[in-house]
Amino acid sequence: MTVSTVGARAPRLTLRRRRQLAGALFALPAVALVIGLIAVPIGQAIYYSFTQWNGLTSTWIGPSTWTQAFHNPNLWTALENNAWLLLAVPFALGLPLLIAMLLHQRVIGWKIFRSIYFLPTAISWVVLGLVAERFFAFQGTLNSLIHFFGLSHVNTNMLGYESTALSALGITFVFTMIGTNTMLFLTGLATLDTSLEEAARIDGAGRWRIFRHITLPHLSRFIQLAFVMTVIALFSALFSLIFVMTGGGPGYATTTMEFLIYQTGFAQGDFGTAALYGLILFVLTAIVGIVQLRLIGSDE
Amino acid sequence: MAEITFSGVTKVFPGDVTAVDNLNLHVADGEFMVLVGPSGCGKTTALRMLAGLEEISSGTLSIGGRVVNHVLPKDRDVAMVFQNYALYPHMTVAQNMGFALKIRGESKAEVDRKVREAATILRLGEYLDRRPRALSGGQRQRVAMGRAIVRSPQAFLMDEPLSNLDAQLRVEMRVEIARIQRLLGVATVYVTHDQIEAMTMGDRVAVMRGGQLQQVAPPQVLYDHPANEFVAGFMGSPPMNLVRARISPSEGRVGLVVGDQRLDVPAAYGASHDLPREEGAEVVLGVRPEDIDVVGGDVTGPTLKTRVERREALGAEILVHLSVADAGTARSVAYDEDVAVARPTMLVARMAPQARVEVGDVLTVRLNEERLHFFDSTRGVTLRRECA
Amino acid sequence: MGRGALFLVMVGVAVVMLYPFWVMIVDSLKSENQFLSGHGFSWASWRTLTSTIPIAQEVGSSTIICAVSILLILLVGLPAGFAFAKLKFRASGVIFLAIVSAMMVPLQAILMPEFVNITRLGLTGGYTGAVLVYAALGTPFSVFLFATYFRGVPDELIEAGIVDGLGYFGALWRLVVPVAIPAIATVTVLQFIQIWDDLLVGLLFIQNTSERPITVGLAVLAAGRTTSIPALMAGSLVSALPAMIVYLIFQRYLVKGLTMGIDR
């Protein structure tokens, strides 16, 4: 038997090498995009945060930019506003949980209700902000409602006052999060094994006990995910609402970190400080993000 | 069509796990070779190396006289049938079967003709336009076969192709695959953990364990003359009984002691087997369940006094579990674990359903003295001398 | 709670959730004077919509930006997801983790360098800058989603293709992509809604007003506070329609995407 040795010689690329090369090649565009437009800017932000920078020229100042920034009352106002807005999170989670429980009862037409409840999710927060502005306005729905209930002497203008504008923003935020979070919780409820509930009912557990000891623990992963998504949205997705509803005002009453970055950079042209603020926001979301990664990680 | 040769093929996975250890195996042109062994024995790795899906760490592998160590799968001209079939879900049956030909650049008419031909052989004609999702398990299995057939490759590689089917279909497809293979005469390497498939389908069977080839032989030879305890225990269901015994020479016969019972076996074994001669030397005695008979009172030949512990009626036969009186402990069947587990010496006997045995009966059983097996008590290899 | 009471509560919630649509519809069906007085209906704002807001151009811009960005996200995300799930290469695990982490970086955190980079490259003139930023922001999630999806695809499917004569590119294009249609739908729907509804990127990375997407157009008009509310509401309704339609048709893919990685 003659044995040809064509295949015996090691080729330039073995199969395993080919697979690895293909893998690296396939991942390359995504990696390049993320490096170029996300990772590099983070590095640049760190550099520029130590400089005086107007977008064209930058002069190295050093760490004093940071001490300066922390002495700026606007930064503290923005952080404070963000902190106050965190009070909206329980509502942004609680209301959807209730609504999801309602939908889960599957009364007549629940599928139609589900679609209706989720529908605002599709709408831009710019548009929802416009509508919210109408709601809170002097001749808006809120005052009509108040008058309808007999309090005709009360006339609110929540967006017009420093004391109430942030609350109005928070309420709007809760509304915008209802669809997404309800969707999450409803999915969670759908994966709940009904035989568990039935078994508990046979064991004589009441509604509350079933909710507390069976439904809620089952939903915990979904609630965690919703919590993280809600907080991240709170830190980084309010821009549209603020832009159309208040422009950050009155004063700095509704200026959050993300809006402060925009204002500092684009209204005041202080790119260096804005980059520095960006890093602070980055750290804040990174803390939440680590929680999120652990959620994903625990799944694999 | 071609022959396949593994020579000294070894696969070491990262982390120094040797999956296949110095495998030497020759599959003749047109031969149906079954690779069998418990999970993790290296049979699938061997097949995947043959397909080119896994690299070879050392040794040479050739198909049709061509060394293929570094040949890409697509250039090896082999077709593979996967355990889960791996049908392309978005393609119809016909497209699935014709895909490899299409890639190869054959004309549409040619592809069509070959697909129809294969569909006829596999009786898939009416399903050609369906998607895999709309097929039953058995039909999917046929499509997977069809995908291999249309290519008329040098070799078929099948990785447990029947293990996802229910018992009845498996029996049907066993016959079907063997029929098609014989019809096409293509060299086939068939991996399975099921010794019945190995026995019924293979021209020859290669038994593997722990990455090492234990024995290659036609099924009946494996059954009748297992090369070692592992093969003896793996082939056949229930497996061969393996009992630890000590040599105790007596005049003219080979004397054995099991526990404290004496057992005389024909002197011929002394000639055909490489039995130890010194008093008290240990061997492992093997006897198949069908080679144990109940006998009354005084008989000659190798007999043991036993007690019936359990009785399993299987309809056509009964399996009687016997404990050997005063036998101490015996070696456990070797392929479970490498360690011998101490437990009462048990024998399983296969008997006709008419046999009147009840649990608790004390029976004298005779071992078929023509069909005894002896293995080295430490290495497990057969003590039989090669009959040239 | 009885079934009847339950139903009433659900209707009540529905009223709240439909409120934005009601506002948009009712306020858009008024002339400016009618709006101020609060009485009467008219088609005036709809009739003059195209002259108050360059609606056709803006919807067109939005469509182009969405389409190209999503295409780019898919073109980049599909092979990467395949690579991370099935073609492990050196350090692929770490790189995957890094990409997934990028999901958590809000644009505002890197807004200044990003803006300067894109401007310096001269990409704020057309749609290119915005499309690149959208693609970069959408890529981490799509890579994560595709990788998760492909992990569920049996290795044998790809191996069968390899034995049948495909290379890895062929396997990706002819086997993996067709199998990934549901995941592609999920990414497309989520990104469509995300990009269509976004303000910040469009506001900063598209310099020419004649290339403005609809959401930016509305926001800028609203912030200017000179445009009539009825016209703004009519424009809002127009801008909301495409996303709503996409959402209503592909609802289930949206839900799937949101719960990816937690509900498998």
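Criteria and thresholds
- Residues numbered from 1 in each chain as written.
- Chains lettered and ligands numbered in written order.
- Predicted model: local features only at pLDDT ≥ 70, side-chain atom pairs only at ≥ 80, totals over all residues.
- Helix = DSSP H or I, 4+ residues; strand = E, 2+ residues; numbered from the N terminus.
- Buried ≥ 20, exposed ≤ 12 C-beta atoms within 10 Å, placed from the backbone.
- Contact = placed C-beta atoms within 7 Å.
- Nonpolar A, V, L, I, M, F, W, Y, C, P; charged D, E, K, R; others polar.
- Core = buried A, V, L, I, M, F, W, Y, C linked by C-beta atoms within 7 Å.
- Pairing = 2+ DSSP bridges.
- Expected span 1.5 Å × (residues − 1).
- Axes fitted to C-alpha atoms, helices over the stretch in contact; angles between N-to-C directions.
- Domains from an automatic or database assignment.
- Arc of directions from axis to C-beta.
- Parallel < 35°, antiparallel > 145°, perpendicular 65-115°, else oblique.
- Left-handed = near helix turned anticlockwise from the far one by under 90°.

## As for the overall build of chain C
Right, on to step 1. In terms of helices and strands, chain C carries 15 helices and zero strands.
Right, on to step 2. Seen along its three principal axes, the alpha-carbon backbone of chain C occupies a region of about 75 × 60 × 35 Å.
Right, on to step 3. Considering chain C as a whole, with its 264 residues, one finds that 56% of them fall into the buried category.

## Remarks on the interface of chain C and chain A
It is common to give the size of an interface as the accessible area that goes away when the parts come together.
Right, on to step 1. Contact residues are listed per partner, giving 75 residues for chain C and 76 residues for chain A.
Right, on to step 2. With 13 residues, helix H1 (residues 3-28) of chain C is the single largest residue contributor to the side of chain C that touches chain A.
Right, on to step 3. Its residues placed into classes, the side of chain C that touches chain A shows 55 nonpolar, 13 polar and seven charged.

## Digging into the nonpolar core
Right, on to step 1. With 291 residues, the main nonpolar core has Leu 35 and Leu 157 of chain B as its most contacted residues.
Right, on to step 2. With 16 residues, the single largest contributor to this core is helix H8 (residues 128-151) of chain C.
Right, on to step 3. Ignoring any residue separated from it by four or fewer positions in sequence, one finds Leu 157 of chain B in contact with Leu 47, Leu 50, Ala 51, Val 78, Ala 79, Met 80 and Val 189 of chain B.

## A closer look at the sheet that holds strand S1 (residues 4-13) of chain B
Residues and elements named next belong to chain B.
Right, on to step 1. Taken in spatial order, the four strands of this open sheet run S2-S1-S4-S5, and their pairing is antiparallel. In the strand order of this sheet, the two ends are held by strand S2 (17-27) and strand S5 (66-67), each with one partner.
Right, on to step 2. Here five bridges tie S1 to strand S4 (residues 58-63), and the two strands are oriented antiparallel to one another. Paired with Phe 6 across the two strands is Leu 61, which belongs to S4.

## Considering helix H4 (residues 88-104) of chain A
What sets the pattern is the α-helix's 3.6 residues per turn: residues three or four places apart point alike.
Right, on to step 1. Its 17 residues place the ends of H4 of chain A 24 Å apart at the C-alpha level, agreeing with the 24 Å of an ideal helix rising 1.5 Å per residue.
Right, on to step 2. Among the residues of H4 of chain A, Ala 88, Ala 92, Pro 96, Leu 97, Ile 99, Ala 100, Leu 102 and Leu 103 of chain A are the ones counted as buried.
Right, on to step 3. Those residues of H4 of chain A hidden inside the fold are in contact with helix H3 (73-85), helix H5 (110-118), helix H8 (162-190) and helix H10 (207-236) of chain A together with H1 of chain C.
Right, on to step 4. Arg 106 of chain A lies just past H4 of chain A and shows a positive phi near 55 degrees.

## Details of the sheet that holds strand S3 (residues 32-36) of chain B
Residues and elements named next belong to chain B.
Right, on to step 1. Spatially, the six strands line up as an open sheet ordered S6-S7-S8-S3-S9-S10, and their pairing is mixed. In the strand order of this sheet, the two ends are held by strand S6 (78-81) and strand S10 (212-217), each with one partner. Strand-to-strand twist across the sheet, computed as the mean angle between neighbouring axes with direction ignored, equals 15 degrees.
Right, on to step 2. Across five bridges, the pairing between strand S9 (residues 204-209) and S10 is antiparallel. Looking at the pairing, Arg 209 lines up with Gln 212 of S10.

## What to know about unusual backbone geometry
Residue and element names in this part refer to chain B.
Right, on to step 1. The omega torsion of the bond from Ser 237 to Pro 238 falls at -5 degrees, within 30 degrees of zero and hence cis.
Right, on to step 2. With respect to the helices and strands, Pro 238 occurs in the loop between helix H8 (229-234) and strand S11 (241-247).
Right, on to step 3. The backbone of Asn 22 shows a phi angle near 50 degrees, a positive value even though the residue is not glycine.
Right, on to step 4. By secondary structure assignment, the location of Asn 22 is in strand S2.
Right, on to step 5. Positive phi is not limited to glycine here, since Ser 152 has a value of about 35 degrees.
Right, on to step 6. Here Ser 152 is to be found in the loop between helix H4 (137-149) and strand S7 (155-159).

## A short note on the pairing of strand S14 (residues 282-287) of chain B
Residues and elements named next belong to chain B.
Right, on to step 1. Buried residues dominate S14, accounting for five of its six residues.
Right, on to step 2. In this structure, S14 lies alongside strand S20 (residues 373-376), joined through four bridges in antiparallel fashion. In the sheet register, Gly 286 faces S20, and the bridge partner there is His 373.

## Comments concerning the domain arrangement of chain B
All names here are of chain B.
Right, on to step 1. With domains assigned, chain B is organised as domain 1 (4-234) and domain 2 (241-376).
Right, on to step 2. One C-alpha centre belongs to domain 1, the other to domain 2, and the line joining them spans 39 Å.
Right, on to step 3. Taken together, the nine residues of domain 1 in the interface contact eight residues of domain 2.
Right, on to step 4. Residue contributions to the side of domain 1 that touches domain 2 peak at five residues, all from H8.
Right, on to step 5. Class assignment for the residues of the side of domain 1 that touches domain 2 results in five nonpolar, two polar and two charged.

## A closer look at helix H3 (residues 108-122) of chain B
Residues and elements named next belong to chain B.
Right, on to step 1. Between its first and last C-alpha, H3 extends 21 Å over 15 residues, near the 21 Å set by a 1.5 Å rise per residue.
Right, on to step 2. When we look at burial in H3, the residues that qualify are Val 111, Val 115, Ala 118, Ala 119 and Leu 122. Down the axis of H3, the sector holding all buried residues measures 105 degrees, keeping them to one side. Exposed and facing more than 90 degrees away from the buried side of H3 are Ala 109 and Thr 120.
Right, on to step 3. Residues of H3 that are buried make contact with helix H2 (93-104) and H4.
Right, on to step 4. In the segment just after H3, Arg 123 is the residue with positive phi, at about 55 degrees.

## Concerning the packing of helix H1 (residues 15-48) of chain A against helix H6 (residues 92-101) of chain C
Helix-helix packing is characterised by the crossing angle of the two axes and by the distance between the axes.
Right, on to step 1. Between H1 of chain A and H6 of chain C, the shortest axis-to-axis distance is 11 Å and the interhelical angle comes to 30 degrees. By the angle between their axes, H1 of chain A is roughly parallel relative to H6 of chain C. H6 of chain C is crossed by H1 of chain A, and the crossing has left-handed handedness. Contact residues: H1 of chain A offers Gly 23, Ala 27, Ala 30, Val 31 and Val 34 of chain A, while H6 of chain C offers Ser 92, Ile 95 and Ile 99 of chain C.
Right, on to step 2. Looking at the contact of H1 of chain A with H6 of chain C, its residues break down into six nonpolar, two polar and no charged.

## Considering the pairing of strand S19 (residues 362-367) of chain B
Residues and elements named next belong to chain B.
Right, on to step 1. Alternating residues of S19 divide into Leu 363, Val 365 and Leu 367, all buried, and Val 362, Thr 364 and Arg 366, none buried.
Right, on to step 2. Examined bridge by bridge, strand S15 (residues 292-295) and S19 share four bridges and lie antiparallel to one another. When the sheet's bridge partners are listed, Val 295 is paired in S19 with Thr 364.
Right, on to step 3. Taken together, the five bridges between strand S16 (residues 303-313) and S19 define a ladder with antiparallel strand orientation. The partner of Arg 307 across the bridge, within S19, is Val 362.

## Quick notes on the environment of Glu 279 of chain B
Residues and elements named next belong to chain B.
Right, on to step 1. Relative to the assigned elements, Glu 279 resides in the loop between helix H9 (268-272) and S14.
Right, on to step 2. Among the residues examined, Glu 279 registers 11 C-beta atoms within 10 Å and is labelled exposed.
Right, on to step 3. Sequence-wise, Glu 279 and Met 80 are 199 residues apart; in three dimensions their C-alpha atoms are separated by 54 Å.
Right, on to step 4. Among residues more than four places away in sequence, those in contact with Glu 279 are Ile 247, Ser 248 and Pro 249.

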